[in-house]
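Observations on the model geometry
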Amino acid sequence: MSYQTSILKLIFNPFEVFFMKDKLRYGNKYSDADWGSDYFEVETDTPIGKIKVCHVVINDIGIISKALVEKVLDTSWMTNLDVGSKRAYDRTVQETASALVEIFESTATHSDVGSEFGEVMVSIGSTKALEKIFHHVILPIAELWKPQIKQNEGFDFHTVCSDMFINFGEAKYSGNVTPHGNAINQSKDFIDDEKHLRDYVHLRELASGAAVENLNNDSFGVVASFSINATDPLKVLKNAIESAQDKLSLDSIKAVYLVGVSK
């Protein structure tokens with residue numbers, strides 16, 4: 001490759017230098033016009049065990065705000081529940097969805113991303129990336145069926161991967177810094193406190209029997225998702241990989257997904 005070609009590659013692809021330095025690179029890209037987002041699989045040149053990485057880029061806050069409204073108002077996930085379970089969830093879903101819709105609509109109008117909107121954006125944006133890239137099944141976000149009364153009730157969202165593991169997701173948002181350490185540390189603390197097991201009474205209604213059985217056998221996954229406020233997202237993700245390798249190494253954790261979200 002000529003010197004001139006190298007310079008042109010850096011101008012038109014500023015991440016090229018980071019590929020060489022951090023041994024990370026962008027793989028497949030999935031565009032999602034309905035959510036105003038792009039999802040990138042992040043690949044590594046060296047093995048990182050059970051960790052998988054992706055990067056979400058939010059292109060249009062207005063579009064994702066409207067999509068979030070439709071998402072929380074969609075109660076189709078309750079269709080197959082028995083009568084008692086539907087009645088148990090109905091009021092909680094109504095109250096929470098109403099509050100979230102107000103936040104989403106305000107954000108769509110003013111394009112001002114606050115902490116409440118930001119955390120749900122990171123949560124659901126992460127699940128959409130996992131669905132598109134890794135073929136996960138998305139479960140309803142926990143806030144719909146488990147109100148965050150103490151603001152620390154446990155994991156924010158859940159998915160089920162093709163290996164039939166329930167993945168417990170923790171989302172952290174900041175408009176100024178990149179809270180990947182907070183997301184990973186919180187995930188570790190929740191697992192240590194067995195908050196994933198406390199979700200069982202809900203997950204047995206929402207997830208497949210095989211996934212629930214794996215949870216009962218102490219086999220599950222973790223998702224740490226976080227907003228990225230940095231000019232070098234791959235460096236942030238590299239640091240997150242190193243932290244996750246240290247903090248989320250339990251044998252019972254079969255997979256770790258790291259999802260960075262930029263806007």
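One structure accompanies this document, and this report is about it.

**Here's the deal with the overall build of the protein chain**
A count of helices and strands for the protein chain gives eleven helices and eight strands. Counting across all 263 residues of the protein chain, residues that qualify as buried make up 51%. Pairs at least 24 apart in sequence give 66% of the contacts found in the protein chain among residues at least 6 apart. Accessible surface computed for the protein chain: about 12,800 Å², of which carbon and sulfur atoms make up 48%.

**Describing the sheet that holds strand S8 (residues 253-262)**
The strand order across the open sheet built from eight strands is S1-S2-S3-S8-S7-S6-S5-S4, with neighbouring strands paired in mixed fashion. Pairing within the sheet leaves two strands with one partner each, and these edge strands are strand S1 (24-32) and strand S4 (137-138). Sitting on the sheet, helix H5 (residues 115-134) touches S1, strand S2 (37-44), strand S3 (51-58), S4, strand S5 (157-160), strand S6 (166-172), strand S7 (220-227) and S8, and the angle it makes with S3 is about 120°.

**Description of the nonpolar core**
In this structure, Leu68, Phe104 and Ile141 are the most contacted members of the largest nonpolar core, which totals 37 residues. Elements with a contribution of two residues or more to this core: S3, helix H3 (61-73), helix H4 (83-110), H5 and S8. Ignoring anything within four residues of it in the chain, the contact list for Leu68 reads Trp35, Phe104, Phe117, Val120, Met121 and Ile124. By size, the runner-up hydrophobic cluster in this structure holds 36 residues, among which are Phe168, Ala183, Val212 and Ala244.

**Points about the environment of Lys29**
Residue placement: Lys29 occurs in strand S1. The spacing of Lys29 and Val56 is 27 residues in sequence and 9.8 Å in space, taken between C-alpha atoms. In contact with Lys29, other than residues within four places in its own chain, are Asp38, Tyr39 and Phe40.

**Details of the packing of aromatic side chains**
Scanning the entire structure with this criterion turns up seven aromatic pairs. Where Tyr26 meets Phe40, the ring centres are 5.2 Å apart and the plane angle is 55°; that geometry is what we call tilted. Of the two residues, Tyr26 sits in strand S1 while Phe40 sits in strand S2, which places them 14 residues apart along the sequence. Phe40 carries the same exposure label as Tyr26, and that label is buried. Between Phe155 and Phe168 the ring centres are 5.4 Å apart and the planes differ by 55°, which places this aromatic pair in the tilted class. With a gap of 13 residues between them, Phe155 in the loop between helix H6 (142-145) and S5 and Phe168 in strand S6 connect regions that are remote in the sequence. Judged by relative accessible area, which is 0%, Phe155 ranks as buried.

**So, the packing of H3 against H5**
Helix packing for two helices is described by the angle between their axes and how far apart those axes are. Direction vectors running N to C along H3 and H5 enclose 80°, while the axes themselves pass 11 Å from each other. The pairing of H3 with H5 is recorded here as roughly perpendicular in orientation. Contacts from Ile61, Ile64, Ser65, Leu68 and Lys71 in H3 reach Phe117, Val120, Met121 and Ile124 in H5.

Reading the values: rules and limits
Starting afresh in each chain, residues are numbered from 1 along the sequence in its written order. Reporting in this predicted model follows two pLDDT cut-offs: at least 70 for local features of residues, and 80 or more for side-chain atom pairs to be given and counted; totals over whole chains, interfaces and linings ignore these cut-offs and use all residues. In computing side-chain properties, one takes all heavy atoms of the structure into account and sets aside hydrogens as well as water. Numbering of helices and strands runs from the N terminus, with a helix taken as a DSSP run of H or I at least four residues long and a strand as a DSSP run of E at least two residues long. Throughout this description, buried means an accessible area under 20% of the type-specific maximum (1.4 Å probe, protein chains only), exposed means over 50%, and partly exposed covers the range between. When checking whether two residues touch, look at their non-hydrogen atoms; a contact exists if any pair is within 4.5 Å. For the accessible areas, the method is Shrake-Rupley and the probe is 1.4 Å, while residue cover comes only from the protein chains on display. Pairs of strands are assigned from DSSP output, requiring at least two bridges between the strands. Every axis in this analysis is a line fitted to C-alpha atoms, fitted for helices over the stretch in contact. Angles between the N-to-C directions lie between 0 and 180 degrees. Nonpolar cores are built from buried Ala, Val, Leu, Ile, Met, Phe, Trp, Tyr and Cys residues. Side-chain atoms within 4.5 Å join them into one set. Only Phe, Tyr and Trp rings are paired, with Trp represented by its six-membered ring, and only when their centres lie within 6.5 Å; those with planes under 30 degrees apart are stacked, over 60 edge-to-face, the remainder tilted. Should an angle lie under 35 degrees it is considered roughly parallel, over 145 roughly antiparallel, and from 65 to 115 roughly perpendicular; all remaining angles are considered oblique.

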